[in-house]
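Okay, here's what each chain looks like letter by letter:
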Amino acid sequence: MSSVHYREIEGRSGGFYALLGALGVLILAGAGAGWYMDHHGHYVTGMSNRIVWGTPHVFAVFLIVAASGALNVASIASVFGRDLYKPLARLSGLLALTLLAGGLVVLVLDLGRPDRLIVAMTHYNFKSIFAWNIFLYTGFFAVVALYLWTLFERRMNGYSKRAGMLAFIWRLVLTTGTGSIFGFLVAREPYNSALLAPLFIVMSFSFGLAVFVLVLMAACRGSGRALGEMMLNRLANLLGVFVAAVLYFVVVYHLTNLYIARQHDVERFILLDGGVYTALFWIGQILVGSVVPLALLFGPASGGSHRTIAAAAVCVILGGLAQIYVLIIGGQAYPQLMFPDKEVTSSFFDGVVAAYAPSLPEMALGVGGVALALALTAVALKVLPFLPQSLADGDAESVGA
Amino acid sequence: MLRIATGIMAAVLAAAGFADSGERRAGRVAMPVVKIEQGEACVAATEEMRRDHMKMLLHQRDRTMRQGLRETRFSLKNCVECHASRETGSVLGKDGFCSSCHAYASVRMDCFECHTPLRQGRTAGAPR
Amino acid sequence: MSPDRRRFLGWGAAAAAGAALAPAFRLIELAQARSPEEAASALQRWGLLIDITKCADCDVCVTACHEENGVTGHGRPETDAQWIRQVRLRDKRTGYAQTLPLMCQHCEHPPCVDVCPTGASFRRADGIVLVDKHTCIGCRYCVMACPYGARSFIHEAVSGQKADVPRGKGMVESCTLCVHRVDRGETPACVEACNRDGGKAMVFGDLNDPSAEIYRRLRSEPSTQVRADLALNTGVRYQGL
């Protein structure tokens, strides 16, 4: 451990300030969107009484899921003892914190009464998965902060394995909680499956690692650090395995539904005639999010170049957003089953596919959350030594010695 | 929220009371208009009402909402019945009973986001 | 039996039943009024019985509800609140058409209450499911969880509220079973209007009270719950569905 030298990024280049400036603009736009929605009410968004969770929730859930997944690299290093990844553990913990912060800010600003956040902190209904998640999220901050402390403070290094184990278990429970927000909804056919909890866990592995790889590459490039081929290829292989795992769970989920006659209409909606949701499923989630990254990472043409790996990670992220969009918004757009074998019509849009289009404020809020996470990461990299001086293969290998 | 708000409110009111003792402050900030338009006496002594009205409302709020206890004495409806202005029929507005004092103390009220600030007239709830 | 004949018989039966029961019903109603100092009690469970064979193709209940509760729209049907709505059904195979009013079903095991993070969504001791808007943070998880699409999120600022029915932007609301009227010993506005101007299809009462009409009818006549498969034990029951 002692042979790794960590150092802050310099953060004085024009590029760094340009990055912070651009992110700052996006954050301000997001904050403005939050204020606008709160001031006027949610009618200014694309959301309605049928699509109550919209684009902000897609971004928030993506960020929260990716946050727990970003901790993977640290877990592999500290819990499973893979020394190669140890130099990356700090960055992994940092991204877990910043991504979660970005996601939670989006979630809170989208509330009907964001000014009542304190109510959510003081009134609990312990039967609610949401209430558990409030503890899981705040606890995650504490546990990961503790873990980072054991990494940074030399005298605490001996405890990093135990802290890493605690953080690893915590993030598994946390993602189970996030998946169960949807999995426990008995009244909606597209959700209501215990499979959503493990699906969310593999999604977090995949999305979190994709974000981690991209941030690592950008940080190394921006700060002039070497990034070894072996290190990157290992990460890329891991990403490919996770992408395949997500695809596997998605296949099992849909096969199960296809077997159940009651669920045929839902499957027809998602897979066949759901319009934008069907397109997003096949083109976004399956093609861009799974097939293309797998081809880039494992295919014959994959040279393992930085560019290919970065492209694969970007595809995973785009596909992940599409997947969550189909799940959250498609799942609500599909009409709730109340009267089997009946055609249902009403003034309240019963029995029809609910219309929804993302509005500008919603997009701005969601993107603002992403920008906040990235800006926090950039600032933290400048303030504290999260990154090793070099990640060249020889330097990284010497860690184990 | 309300519990916290109550604490803040109490602190701010205490501070406002302290500031009141100096004449200078009154010159800068418009003094609240406290005009009692109806009824012989409030449900409690003025000093107690000034200090604790939010506690009473909070207590009654939870009793009514959660248990269906609709005692009128400390109900918000009952407050509005007596304290709404004769001209506007409201406890809000520039010289409104609630709003003028809350503006003076700089304490945000959340009540009338949902509750009507207007006197209903039919059940002039006599303080009990 | 032709639909016309069925309807005619239905009306006749309803009129006869109404004439026979009206005085008794009034007495029960008065006996049930609580004093303001008496808390809602689990000895009672308020419910509705809706005979949709009598449900005329009207929206009297909807209008009465929204009038009573001050639920006004802004001409934006996708975001305007609806506490009760008229739902039209048509059998996919036979084409048989029906109409029914749908609102909060006041479940014994309400999913909206289970999921609410702050406990703002709650079930009163007497079975009425309500939103405590003082602690609602507007997360809309209850809207996701409700099997009946009964909840509305208030998408924009509200003014001109009724004194008994506070409503405001950024919170979720739904049918309260006219809890303010029930606490005075009255029936919900929809029931009153249906029995006055509509098909006399709705009966309100205490599901635990053997002397109540709703109790006797549920005991002696067939009835169904919407989404009975979820085993929520709804307080609103339907006949003829």
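Keep in mind that this is a model prediction, so the values were computed, not measured.

Student: Can you walk me through the overall build of chain A in this structure?
Tutor: Check the secondary structure of chain A and you find 14 helices and three strands. Whereas a compact globule of 401 residues would reach a radius of gyration of roughly 21 Å, chain A reaches 21 Å, a difference of no more than 12%. With respect to the three principal axes, the spread of C-alpha positions in chain A is 70 × 50 × 40 Å. Buried residues in chain A amount to 58% of all 401 residues. Restricting the contact set of chain A to residue pairs at least 6 apart, pairs at least 24 apart contribute 80%. Carbon and sulfur atoms make up 69% of the accessible area of chain A, which amounts to about 15800 Å² in all.

Student: What am I meant to see in the pattern of salt bridges here?
Tutor: Note on pairing: side chains with opposite charge can pair once their charged atoms come close. In total, this model carries 39 salt bridges over all chains according to the counting rule given. Across the pair lysine 162 of chain C and glutamate 67 of chain C runs a salt bridge whose closest N-O atoms are separated by 3.7 Å. With lysine 162 of chain C in the loop between strand S6 (152-153) and strand S7 (172-173) and glutamate 67 of chain C in helix H2 (residues 60-68), this residue pair connects regions lying 95 residues apart in the sequence. Residue lysine 162 of chain C is classed as partly exposed on the basis of its relative accessible area of 32%. A salt bridge links arginine 196 of chain C to aspartate 197 of chain C, with the nearest nitrogen and oxygen atoms 3.2 Å apart. Classification of arginine 196 of chain C as exposed rests on a relative accessible area of 51%. Using a relative accessible area of 48% as the deciding quantity, one classes aspartate 197 of chain C as partly exposed. If you follow the salt bridges from partner to partner, you end up with Lys77 of chain B together with Glu68, Asp164, Arg181, Arg184, Glu186, Glu192, Arg196 and Asp197 of chain C in one network.

Student: Mind showing me how you'd approach unusual backbone geometry here?
Tutor: Of all residues except glycine, most have a negative phi; of all peptide bonds, most are trans. Residues other than glycine seldom take positive phi values, yet aspartate 341 of chain A does so here, at roughly 65 degrees. Note on placement: aspartate 341 of chain A falls in the loop between helix H12 (306-333) and strand S2 (342-346). Its identity as a non-glycine residue notwithstanding, arginine 227 of chain C has a phi of 55 degrees, on the positive side. In this fold, arginine 227 of chain C is placed in the loop between helix H7 (213-220) and strand S9 (236-239).

Student: Where do I start with the interface of chain A and chain C in this structure?
Tutor: Much of the literature gives interface size as the accessible area that the parts lose upon coming together. In this complex, chain A contributes 54 residues to the contact, which on the side of chain C involves 55 residues. Between chain A and chain C, roughly 4700 Å² of surface is buried when both sides are summed, and carbon and sulfur atoms account for 56% of that area. At the junction of chain A with chain C, the criterion picks out seven salt bridges. With its nearest N and O atoms 3.4 Å apart, the salt bridge here joins arginine 93 of chain C to aspartate 341 of chain A. Counting the contacts that link chain A with chain C gives 36 residue pairs in polar contact (both at pLDDT 80 or more). Counting only elements with at least two residues in the side of chain A that touches chain C, the list comes to helix H1 (14-40), helix H5 (117-122), helix H6 (129-152), helix H7 (160-183) and S2 of chain A. For the side of chain A that touches chain C, the element with the most residues is S2 of chain A, which contributes five residues.

Student: What exactly am I supposed to notice about the interface of chain B and chain C here?
Tutor: On the side of chain C, 26 residues touch chain B, which itself brings 17 residues to the contact. Where chain B abuts chain C, roughly 1900 Å² becomes buried across the two surfaces, and 51% of that area is made up of carbon and sulfur atoms. Linking chain B with chain C are three salt bridges, by the criterion used here. A salt bridge links arginine 66 of chain B to aspartate 132 of chain C; its shortest N-O distance comes to 3.1 Å. The greatest single-element share of the side of chain B that touches chain C, amounting to five residues, is contributed by helix H3 (residues 46-67) of chain B. For the side of chain B that touches chain C, the class distribution of residues is three nonpolar, five polar and nine charged.

Student: Help me understand the sheet that holds strand S1 (residues 46-51) of chain C, please; the structure alone is not making it clear to me.
Tutor: The pairing of strands in a sheet comes from backbone hydrogen bonds and takes either a parallel or an antiparallel form. All names here are of chain C. On the basis of which strands lie adjacent, the open sheet formed by three strands has the order S8-S1-S9 and mixed pairing. Lying at the two open borders of the sheet, with one neighbouring strand each, are strand S8 (202-206) and S9. Going across the sheet, the axis of each strand differs from the next one's by a mean of 20 degrees, ignoring polarity. Inspection of the sheet shows S1 paired to S8 by five bridges, in the antiparallel sense. Paired with leucine 48 across the two strands is phenylalanine 204, which belongs to S8.

Student: Sorry if this is basic, but what is going on with the nonpolar core here?
Tutor: Across soluble globular proteins, nonpolar side chains have a tendency to be buried as a group. Formed by 182 residues in total, the largest nonpolar core has its most connected members in Phe182 and Leu216 of chain A together with Tyr141 of chain C. A total of 18 residues in this core trace back to one element, the largest contributor, which is helix H8 (residues 196-222) of chain A. Other than its neighbours up to four places away in sequence, tyrosine 141 of chain C contacts Trp53, Ile129, Phe130, Ser180, Ile181, Phe182 and Leu185 of chain A together with Val115 of chain C.

Student: Please explain the packing of aromatic side chains as it appears in this structure.
Tutor: Aromatic ring pairs are defined here through the distance separating the ring centres and the angle between the ring planes. Applying the stated criterion across every chain, the model contains 21 aromatic pairs over all chains. Ring plane angle 20 degrees and centroid distance 5.2 Å describe the contact between phenylalanine 62 of chain A and phenylalanine 207 of chain A, whose orientation is recorded as stacked. Here phenylalanine 62 of chain A, found in helix H2 (residues 55-70), pairs with phenylalanine 207 of chain A, found in helix H8; they are 145 residues apart in sequence, far enough to count as distant. With respect to burial, phenylalanine 62 of chain A and phenylalanine 207 of chain A carry one shared label: buried. On the basis of an interplanar angle of 50 degrees and a centroid distance of 6.4 Å, the ring pair of tyrosine 325 of chain A and tyrosine 356 of chain A is categorised as tilted. Here the residue tyrosine 325 of chain A occupies a position in helix H12, and tyrosine 356 of chain A occupies one in the loop between S2 and helix H13 (360-383), the gap between them amounting to 31 residues. Note on tyrosine 325 of chain A: relative accessible area 14%, which makes it buried. Here a set of aromatic residues connected by ring pairs shows up, and it is made of Trp53, Phe130, Phe182, Tyr191 and Phe200 of chain A together with Tyr141 of chain C. The ring centre of phenylalanine 153 of chain C lies 4.8 Å from the NZ or CZ of arginine 140 of chain C, which sits over that ring.

Calculation criteria
- Residues numbered from 1 in each chain as written.
- Chains lettered and ligands numbered in written order.
- Predicted model: local features only at pLDDT ≥ 70, side-chain atom pairs only at ≥ 80, totals over all residues.
- Heavy atoms only, no water.
- Helix = DSSP H or I, 4+ residues; strand = E, 2+ residues; numbered from the N terminus.
- Rg over C-alpha atoms; globule rule 2.2 N^0.38 Å.
- Buried < 20%, exposed > 50% of the residue type's maximum accessible area, 1.4 Å probe, protein only.
- Contact = heavy atoms within 4.5 Å.
- Areas by Shrake-Rupley, 256 points an atom, 1.4 Å probe, with all protein chains shown as cover.
- Salt bridge = Lys/Arg side-chain N within 4 Å of Asp/Glu carboxyl O.
- Buried area = accessible area lost by both parts, 1.4 Å probe.
- Polar contact = N/O pair within 3.5 Å; in protein donor to acceptor, adjacent residues only side chain to side chain.
- Nonpolar A, V, L, I, M, F, W, Y, C, P; charged D, E, K, R; others polar.
- Pairing = 2+ DSSP bridges.
- Axes fitted to C-alpha atoms, helices over the stretch in contact; angles between N-to-C directions.
- Core = buried A, V, L, I, M, F, W, Y, C linked by side-chain atoms within 4.5 Å.
- Phe/Tyr/Trp six-rings, centres within 6.5 Å; stacked < 30°, edge-to-face > 60°.
- Lys NZ or Arg CZ within 6 Å of the ring centre and 35° of its normal.

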